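# Chains, contacts and geometry: an overview
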Amino acid sequence: MLTTAGTGHADPYAPPVAVPDMAPSTLDVRYAAERRAIEEALTTAQNIGDTDRAKALGAFLRPGRRFLYFDPRGNGRAVEVIGDLTRARRIAVLVPGADTTLTTFDTRGGKPWSTPGGGAHALYAQAAAASPRPELAIVAWLGYAAPETFSNDVLTDERAAEGGVRLRRFLKGVAAVNPSARVGLLCHSYGSVLCGRAALDGPGTTAWRQVTDIALYGSPGTAAPTAAKLSGTARIWAGRGTTDWMEDVPHVRVFGLGLGPDPVSPAFGARVFDAGTGGHSDYFRPGSTSLRNLTAIALGRPAAVAPGRPSH
């Protein structure tokens, strides 16, 4: 039986609603179905006094917001779309890291840009400012059960392996909706572990061949020994802000524990981009160097990405 975290009680929230497979003709149906599911979950949150969840879900229902997937059980999962998936030339998929839940989907610690929803909107605004017709759609993809920072789950890639299966399945849906679009994966913190596992297990599929860029930032590692193991035909990027505490995390992998080499190290072999002076939660801070470079990666403009210095 599903239970709420730490309570031992049955989860009061309903399971995900049935929706059709992703296709151009089904997107509006999915958006409408998930909106109704969010409304139902909001009613549940209000009835049981889950005030933080109710506040977050109320924000999900603001006019213009669209979700392709929603699961309110446990810490929750949600997949939001900004822009037109069917017509976009480029699609950026933001994969968040540890401690991401429905409650922290839009804001955390007074930094909305540190969340998948807030980061996606910051990226979209930066792309629109950089180009009058960016032809970009953005997906804030909380499609997995993100681990907690202070837990054993962040020491291994087990959660990432499960999430990687879900991410590859989602990319298959993206390919069905828009087979000509090119995809960039923007992967933060433990999300970069997930993207690494998806890349290790995914090449060879038609959907994966749409992925032209994988950006790893604030990353503890990817479980891959080198960028070449991840790449296929994709460009592998890595960046870390100069005040990101992730620099002090050991980058090793022994007997299945640890997540492998530092992605910004020369030995890993990624294209290192300038991530500015920000900390672990600042990569999408408006006006930042990291946001400008991640926007260029999302838009498929490698020549516009300012290089950074590899870590030694």
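Just so we're clear, the structure is a prediction, and the values are computed from it rather than from any experiment.

When helices and strands are tallied, the chain shows 7 helices and 10 strands. The buried share of the chain, taken over its 312 residues, is 55%. The long-range share in the chain, meaning contacts at least 24 apart out of those at least 6 apart in sequence, stands at 71%. Of the roughly 13700 Å² of accessible surface on the chain, a fraction of 54% belongs to carbon and sulfur atoms.

Glancing now at the confidence of the model for the chain. For the chain, mean pLDDT is 90; residues scoring 70 or higher make up 90% of the total. Predicted confidence is poor over residues 1-7, with pLDDT under 50, and the contacts of this stretch with residues over four places away or in other chains come to 13 contacts. Scored below 50 in pLDDT, residues 252-257 shows 13 contacts in the model against residues more than four places distant or in partner chains.

This next bit is on the sheet that holds strand S4 (residues 136-142). Strand order in the open sheet made by the 8 strands is S1-S2-S4-S3-S5-S6-S7-S10, with mixed pairing throughout. Looking at which strands have only one partner, the edges of the open sheet turn out to be strand S1 (66-71) and strand S10 (271-272). Sheet strands in contact with helix H3 (residues 116-130) are strand S2 (77-82), strand S3 (90-95), S4 and strand S5 (182-188), and its direction is about 170° off that of S4.

This part takes up the state of the cysteines. One pass over the full model with this rule turns up 1 disulfide. Between the sulfur atoms of Cys 187 and its disulfide partner Cys 195 the distance amounts to 2.1 Å. Residues Cys 187 and Cys 195 are joined through a disulfide that is left-handed, its torsion about the S-S bond being -85°. Accessibility expressed as a relative area gives 0% for Cys 187, which makes it buried.

Across all of its chains, the model carries 7 aromatic pairs by this definition. Ring geometry for Tyr 217 against Tyr 283: centres 5.2 Å apart, planes inclined by 55°, an arrangement best described as tilted. One end of the pair, Tyr 217, is in strand S6 (residues 211-217); the other, Tyr 283, is in the loop between S10 and helix H7 (289-298), with 66 residues separating them in the sequence. Given the relative accessible area of 3%, Tyr 283 is considered buried. A ring pair is formed by Tyr 217 and Phe 284, whose centres lie 5.8 Å apart and whose planes are at 80°; its orientation type is edge-to-face.

Our next topic: the pairing of S1. The side chains of a regular strand alternate, first on one face of the sheet and then on the other. In this structure, S1 lies alongside S2, joined through 5 bridges in antiparallel fashion. Opposite Arg 66, over in S2, you have Val 81 as the bridge partner. Linking two consecutive strands that pair antiparallel, namely S1 and S2, is a turn of 5 residues; a positive phi of about 60° is found at Gly 74 within it.

Think of it this way: side chains of opposite charge can pair up when their charged atoms draw near. This model, assessed by the stated rule, comprises 10 salt bridges. As a salt-bridge pair, Glu 80 and Arg 65 come within 2.7 Å of each other at their nearest N and O atoms. Placement of the pair is Glu 80 in strand S2 and Arg 65 in the loop between helix H2 (51-60) and S1, with a sequence separation of 15 residues. Given a relative accessible area of 2%, Glu 80 falls into the buried group. Here Arg 73 makes a salt bridge to Asp 71, at a shortest N to O gap of 2.9 Å.

This paragraph deals with helix H1 (residues 27-48). Here H1 spans 31 Å end to end across 22 residues, near enough to the 32 Å set by a 1.5 Å rise per residue. Considered for burial, the residues of H1 that qualify are Leu 27, Arg 30, Tyr 31, Ala 33, Glu 34, Ala 37, Ile 38, Ala 41, Leu 42, Thr 44 and Ala 45. Of the surrounding secondary structure, the elements contacted by the buried residues of H1 are H2, S1, S2 and helix H4 (158-177). Gly 49 occupies a position one or two residues after H1 and carries a positive phi of about 75°.

So, on to the environment of Gly 173. Tracing the backbone shows Gly 173 in helix H4. For Gly 173 and Arg 62, which are 111 residues apart along the polypeptide, the C-alpha to C-alpha distance reads 25 Å.

As a further point, take the packing of H3 against H7. Packing of H3 against H7 leaves a shortest axis separation of 9 Å and a crossing angle of 80°. Put simply, H3 runs roughly perpendicular to H7. Of the residues in H7, those in contact with Ala 122, Leu 123, Gln 126 and Ala 127 of H3 are Leu 291, Arg 292, Leu 294, Thr 295 and Ala 298. Its residues placed into classes, the contact of H3 with H7 shows 6 nonpolar, 2 polar and 1 charged.

Analysis parameters
Residue numbers run consecutively from 1 along every chain, following the written order of its sequence. Note on the predicted model: pLDDT of at least 70 is required for a residue's local features to be given, and 80 or more for side-chain atom pairs to be given and counted; whole-chain, interface and lining totals, by contrast, use all residues. Working from all heavy atoms in the structure, the side-chain values ignore hydrogens and water. Helix numbers and strand numbers start at the N terminus; a helix is a DSSP run of H or I with at least 4 residues, a strand a run of E with at least 2. Here's how the labels work: a residue is buried when its accessible area is under 20% of the maximum for its type, exposed when over 50%, partly exposed in between, all with a 1.4 Å probe on protein chains only. By definition, residues are in contact when any of their heavy atoms lie within 4.5 Å. Accessible surface is estimated by sampling points in the Shrake-Rupley manner with a 1.4 Å probe; for residues, cover comes only from the protein chains shown. Every residue is assigned a pLDDT by the predictor, reflecting its confidence on a scale from 0 to 100. Two strands qualify as a pair provided that DSSP identifies no fewer than 2 bridges between them. Interaxial angles span 0 to 180 degrees and are taken between N-to-C directions of axes, which are lines fitted to C-alpha atoms, for helices over the stretch in contact. Note on disulfides: each one is a pair of cysteine sulfur atoms within 2.5 Å. Planes of paired rings set the category: under 30 degrees apart is stacked, over 60 is edge-to-face and the rest tilted, where pairs are Phe, Tyr or Trp rings (Trp by its six-membered ring) whose centres lie within 6.5 Å. Counted as salt bridges are all cases of a side-chain nitrogen of Lys or Arg within 4 Å of a carboxyl oxygen of Asp or Glu. A helix is expected to span 1.5 Å multiplied by its residue count minus one. Each angle gets one of four labels, with under 35 degrees taken as roughly parallel, over 145 as roughly antiparallel, 65 to 115 as roughly perpendicular, and the rest as oblique. Polar here means any residue outside two lists: the nonpolar Ala, Val, Leu, Ile, Met, Phe, Trp, Tyr, Cys and Pro, and the charged Asp, Glu, Lys and Arg; Gly therefore counts as polar.

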